[in-house]
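If you want the building blocks of each chain, they are given just below.
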Amino acid sequence: MAELLKGKAVASAMKDELVEKVEALKAKGITPKLGIIRVGAKPDDLFYEGGAKKTCSSVGMDYEVFEYPQDIGQEDLEKAVVEVGGKKDVHGILMFAPLPKHLDEKKIRSLIPVEKDVDCMTLGSAGKVFADDQTGFPPCTPTACMDMLKFYDIPLKGKKVVVLGRSLIVGKPVAMLLLREHATVTICHSRTENLPAVCREADVLVAAVGRAKMVNADYVKEGQIVIDVGINEDPDRPGKYCGDVDSESVEPIVAKLTPVPGGVGSVTTAVLCKQTIMACELQNS
Ligand code: NDP
């Protein structure tokens, strides 16, 4: 049976390091602060926000929520984002997306200052990630995948890694981060031919397709490491969620697997804090 690579241990070790970094900044009179921009009150956003606030507090950081009504106009939100972005005491910004449909989200994202864009909402940050410029922050989830792989000492140099999914929020940036570690990366998507066979070739398989339990025994091989990024409603257990990997069929075959829940998802708020602290350090260096 596969060893389960749990996220809790990764997040906990990361938080210990962050506490020290925050203390060092506080000794210089600086408290790192995350600004959270939320339009409306979607349950998923509120759930993530609750986790982010809790993690900020646990490492000694500040946070402030900037909440706007669901029917806010384009001009008002643009002004608000510029204002939050200009606050000297806010070092990192998390903005929940997607925004309501009447808003021009592309325009609003572009108003977040790149140096405070700790979840890669802007093209400026994405460009830096693709250019290997370490002053640009990747989205938190791809960073969490990399932190999981590093924590559990999974070798990447020269290894075949298949990324299943090509979104700008997970698939593409995680592929770039894997390339940085000298992996040989294949990115797959809905038009990839012989998908299970391509996935079976991988030493490390990163599943980010958004399809509940799609990755089954056909997609994996013995000895493989599988990182399951998916968060989906579980079709077999109403009210619960599951990954993109069918863990029941995959666990008896592969060497290591991140569980859902309790895997990558449980590292993302620690990463959000880590990237905000890094942004704070850069802004004060
Ligand atoms: P998207 O829907 O934006 O992208 C899904 C990708 O998977 C696309 O590239 C799509 O291909 C590909 N795909 C879809 N169906 C198939 C298929 N049948 N065969 C092959 N490829 C397919 O999803 P996201 O990247 O935003 O999210 C992926 C998963 O990760 C979701 O389950 C999401 O909930 C989860 N997630 C988890 C986070 C966390 O913190 N753990 C954070 C963000 C997301 P194509 O481009 O051709 O359409």
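Everything that follows concerns the structure shown earlier in this document.
Residues numbered from 1 in each chain as written. Predicted model: local features only at pLDDT ≥ 70, side-chain atom pairs only at ≥ 80, totals over all residues. Heavy atoms only, no water.

**Q** What am I meant to see in a negative patch on the surface here?
**A** A grouping of D16, E17, E20 and E23 is seen on the molecular surface, where their side chains present a negatively charged patch. In this fold, D16 is placed in helix 1 (residues 7-27). (Patch = residues over 30% accessible without salt bridge, like charges linked within 9 Å, V, L, I, M, F, W, Y side chains within 5 Å. Areas by Shrake-Rupley, 256 points an atom, 1.4 Å probe, with all protein chains shown as cover. Salt bridge = Lys/Arg side-chain N within 4 Å of Asp/Glu carboxyl O. Lys, Arg positive; Asp, Glu negative; His and termini not counted. Charge placed at Lys NZ, Arg CZ, Asp CG, Glu CD. Helix = DSSP H or I, 4+ residues; strand = E, 2+ residues; numbered from the N terminus.)

**Q** When you look at the sheet that holds strand 8 (residues 225-228) in this model, what are you seeing that I'm missing?
**A** Backbone hydrogen bonds are what pair the strands of a sheet, in a parallel or an antiparallel way. Spatially, 6 strands are ordered 1-11-8-7-5-6 in an open sheet, and the strand pairing comes out parallel. With partners counted over all chains shown, the strands left at the sheet margins are strand 1 (3-4) and strand 6 (184-188), one partner each. Where strand 8 lies against strand 11 (residues 256-257), 2 bridges are found, and the strand directions are parallel. Residue pairing for strand 11: I225 is matched across the bridge by K256. Docked against the sheet, helix 7 (residues 171-180) engages strand 5 (160-164), strand 6 and strand 7 (204-207), running at close to 170 degrees with respect to strand 5. (Pairing = 2+ DSSP bridges. Contact = heavy atoms within 4.5 Å. Axes fitted to C-alpha atoms, helices over the stretch in contact; angles between N-to-C directions.)

**Q** Which parts of the structure should I look at to understand helix 7?
**A** What sets the pattern is the α-helix's 3.6 residues per turn: residues three or four places apart point alike. In terms of residue burial, helix 7 counts as a mostly covered element, since 8 of its 10 residues are buried. On its buried side, helix 7 packs onto helix 5 (123-130), helix 6 (140-151), strand 5, strand 6 and strand 7. Looking at the residues trailing helix 7, positive phi occurs at H182, about 70 degrees. (Buried < 20%, exposed > 50% of the residue type's maximum accessible area, 1.4 Å probe, protein only.)

**Q** Is there a simple way to think about the side chain of T143 in this case?
**A** Of note, T143 is situated in helix 6. Of the residues examined, T143 reaches a relative accessible area of 8% and is grouped as buried. Side-chain polar atoms of T143 contact the backbone oxygen of P139, separated by 3.3 Å. Leaving out residues up to four positions away in the same chain, T143 has contacts with P138, L177, V271, K274 and Q275. (Polar contact = N/O pair within 3.5 Å; in protein donor to acceptor, adjacent residues only side chain to side chain.)

**Q** For this particular structure, what's the right way to read the site of the ligand?
**A** Not every one of the 22 residues close to the ligand is listed here, only the nearest: T141, R166, S167, S190 and R211. Residue S167 places a side-chain N or O atom 2.5 Å away from an oxygen atom belonging to the ligand. Here an oxygen atom of the ligand and a backbone polar atom of I231 are 3.0 Å apart. Burial of the ligand by the protein chains amounts to 71% of its free accessible area of 920 Å². (Near = heavy atom within 4 Å.)

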